[in-house]
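Single-letter residue listing:
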Amino acid sequence: MTQYKPIRAIISGGGTGGHIFPAISIANCLRELNPETEILFVGAQGKMEMEKVPAAGYHIEGLPIVGMQRQLNLRNIWNDVQVPVKLLQSVRRARRIVKEFKPDVVVGVGGYASAPLLWAATGMKIPAVIQEQNGFAGLTNKLLGKRVNSICVAYEGMERFFPKEKIVMSGNPIRKEVSLPPTPEMKLEGLEFYGLDAGKKHIFVVGGSLGSGTLNKAMKGWIENGCPGGEDVEVIWQCGKYYKKGVDSFMEEHPSKGIRHFDFISRMDLAYAVADVVISRSGASTVSEICAMGKPCVFVPSPNVAEDHQTHNAMALVRKDAALIVKDADAARELLPTALELLSSPEKLDALGKNALGMALRDAAKVIADEIYKLV
């Protein structure tokens, strides 16, 4: 039996909630196994982990790392010119952090900061684990895969990218409050919390922690047309902080009693609980949450991500009749009609929900924690 002695761990990565929340889940699990364990986070300066991690009760150090920008404009050109310099600065800073903290193990969860931190740590012979959340591995993790001791994955077939003997099927760590299917009591609480009508059907539109311009555009188009097919439907719409001001103005011009819009959803458990259908991007953590909650979903993979990994994530469910998919380019025209058609088919809703639930891997944080302890 594994002895959960106190250890010192650095967890690195971030950039989006899809990286940050799994990292915090791993940290929480390590602390539950031994409250004396010391954990340091390392993130990228100016990114959301610098706010979210301290809010969860952990200390974080920031690296000056920045990523390459694909869109061509003067600001992005200047950013990309600085990338090599910032990378070298970050590796030097990462080495200093590792020397000062003296970790027993380092964990990379993806995001800009994980590359220099794990590169520095593995070069200093510190045991290392990476967690690849997506169905298509990113370049950073593919490079790190040759240097680390263990690679925790959430999808089958990842030996395409990593040494087979290092792969552990863990699933993606998700927040405890969205790790089990909602109870009838949760649904009633959610209806009250969001001020919804129990006699109507409900769609939850969620664009990820940063919001989604495509999903927002699809919603606006549907509302402008008078919400066709939505006479008995209410919507919880998470539009994202970046888009909130514009959506506020739009909703003032197009008031609708059946639409509740928010920049950020603090009670995801209750939003999922009331949803008959979810409309979502297909980031790794969101896909894992939808499986754990057993929710029918229409995925719209973002085209603006490395290696088109969101399409790979979504298709893992679509191939098993556990979700539907609409292409980003078709969303303005097809998204809401697809979701509304799904709402009208109880048999299809039930099948998608059950099949998604069957793909859930619930103990991901514990599996990853056990891998960490194997190394130390």
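From a predicted model like this one, the values you see are computed outputs, not experimental measurements.

The rules behind each value
- Residues numbered from 1 in each chain as written.
- Predicted model: local features only at pLDDT ≥ 70, side-chain atom pairs only at ≥ 80, totals over all residues.
- Heavy atoms only, no water.
- Core = buried A, V, L, I, M, F, W, Y, C linked by side-chain atoms within 4.5 Å.
- Buried < 20%, exposed > 50% of the residue type's maximum accessible area, 1.4 Å probe, protein only.
- Helix = DSSP H or I, 4+ residues; strand = E, 2+ residues; numbered from the N terminus.
- Contact = heavy atoms within 4.5 Å.
- Pairing = 2+ DSSP bridges.
- Axes fitted to C-alpha atoms, helices over the stretch in contact; angles between N-to-C directions.
- Right-handed = clockwise from strand over helix to strand, strands pointing away.
- 1 Å grid on protein atoms, 1.4 Å probe; cavity = no way out; pocket = protein on both sides within 12 Å on 5 of 7 lines; lining within 4 Å.
- Points joined across faces, edges and corners; volume = space filled by probe spheres on them.
- Nonpolar A, V, L, I, M, F, W, Y, C, P; charged D, E, K, R; others polar.
- Salt bridge = Lys/Arg side-chain N within 4 Å of Asp/Glu carboxyl O.

It is worth spelling out the nonpolar core at this point. Formed by 58 residues in total, the largest nonpolar core has its most connected members in I10 and F204. Ranked by residue count, the leading element in this core is helix α9 (residues 268-274), at five residues. Beyond its immediate stretch of four places on either side in the chain, I10 contacts L40, V42, I97, V98, F101, P103, V105, V106, V107 and L117.

Two orientations exist for strands paired in a sheet by backbone hydrogen bonds: parallel and antiparallel. Spatially, the seven strands line up as an open sheet ordered β3-β2-β1-β4-β5-β6-β7, and their pairing is parallel. Of all strands in the sheet, those with a lone pairing partner are β3 (59-63) and β7 (167-169), marking the two edges. Between one strand axis and the next, the sheet turns through 25° on average, direction left out of account. Sheet analysis places strand β1 (residues 8-12) next to strand β2 (residues 38-44), joined by five bridges and oriented parallel. Within β2, the position partnered with I10 by the bridge is L40. Sitting on the sheet, helix α4 (residues 114-123) touches β1, β2, β3, β4 (105-108) and β5 (128-132), and the angle it makes with β4 is about 150°.

Burial analysis of strand β9 (residues 233-238) places six of its six residues in the buried class, which makes it a mostly covered element. Alternating positions in β9 separate into two faces, V233, V235 and W237 on one and E234, I236 and Q238 on the other, with burial throughout. Where β9 and strand β10 (residues 259-262) come together, four bridges link them in parallel fashion. By the bridge assignment, V235 is partnered in β10 with I259. At this point the chain moves from β9, through helix α8 (residues 244-253), to the parallel β10, and the crossover so formed is right-handed.

Strand order in the open sheet made by the six strands is β10-β9-β8-β11-β12-β13, with parallel pairing throughout. Pairing within the sheet leaves two strands with one partner each, and these edge strands are β10 and β13 (324-325). Pairing between strand β11 (residues 277-280) and strand β12 (residues 297-299): three bridges, direction parallel. Paired with V278 across the two strands is C297, which belongs to β12.

Moving on, we get to the environment of A356. Mapped onto the elements, A356 comes out in helix α13 (residues 346-358). Between the alpha carbons of A356 and L340 there is a distance of 19 Å; along the sequence they are 16 residues apart. Setting aside anything within four residues of it in sequence, one finds A356 in contact with I290, C291, K295 and A322.

For the rest of this paragraph, the subject is the layout of surface pockets. A volume near 500 Å³ is recorded for the second largest pocket. Along the wall of the second largest pocket there are 21 residues; nearest its centre are A154, Y155, E156, A316 and M359. When contributions to the lining of the second largest pocket are tallied by element, the ones reaching two or more residues are α10 (284-293) and α11 (309-318). Take the lining of the second largest pocket: its biggest share by element is four residues, from α10. Residues belonging to the lining of the second largest pocket are distributed by class as follows: 12 nonpolar, five polar and four charged.

Here the focus is empty space enclosed by the protein. In this structure the tally under the stated criterion is one cavity of 30 Å³ or more. Taken as a whole, the largest cavity encloses approximately 30 Å³ of empty space. Taken together, the residues of the lining of the largest cavity break down into five nonpolar, four polar and no charged.

Scanning the entire structure with this criterion turns up 15 salt bridges. The salt bridge involving D248 is made with K244; its shortest N-O contact spans 3.0 Å. Here D248 and its partner K244 are both found in helix α8, four residues apart, which amounts to about one turn of the helix. K244 sits in the partly exposed class, given a relative accessible area of 23%. Close ionic contact of D328 with R281 constitutes a salt bridge, the shortest N to O distance being 2.8 Å. With D328 in the loop between β13 and α12 (331-343) and R281 in the loop between β11 and α10, this residue pair connects regions lying 47 residues apart in the sequence. Exposure remark for R281: the relative accessible area of 9% places this residue in the buried category. When salt bridges with common partners are traced through the structure, they connect E189, R267 and D269 into a single cluster.

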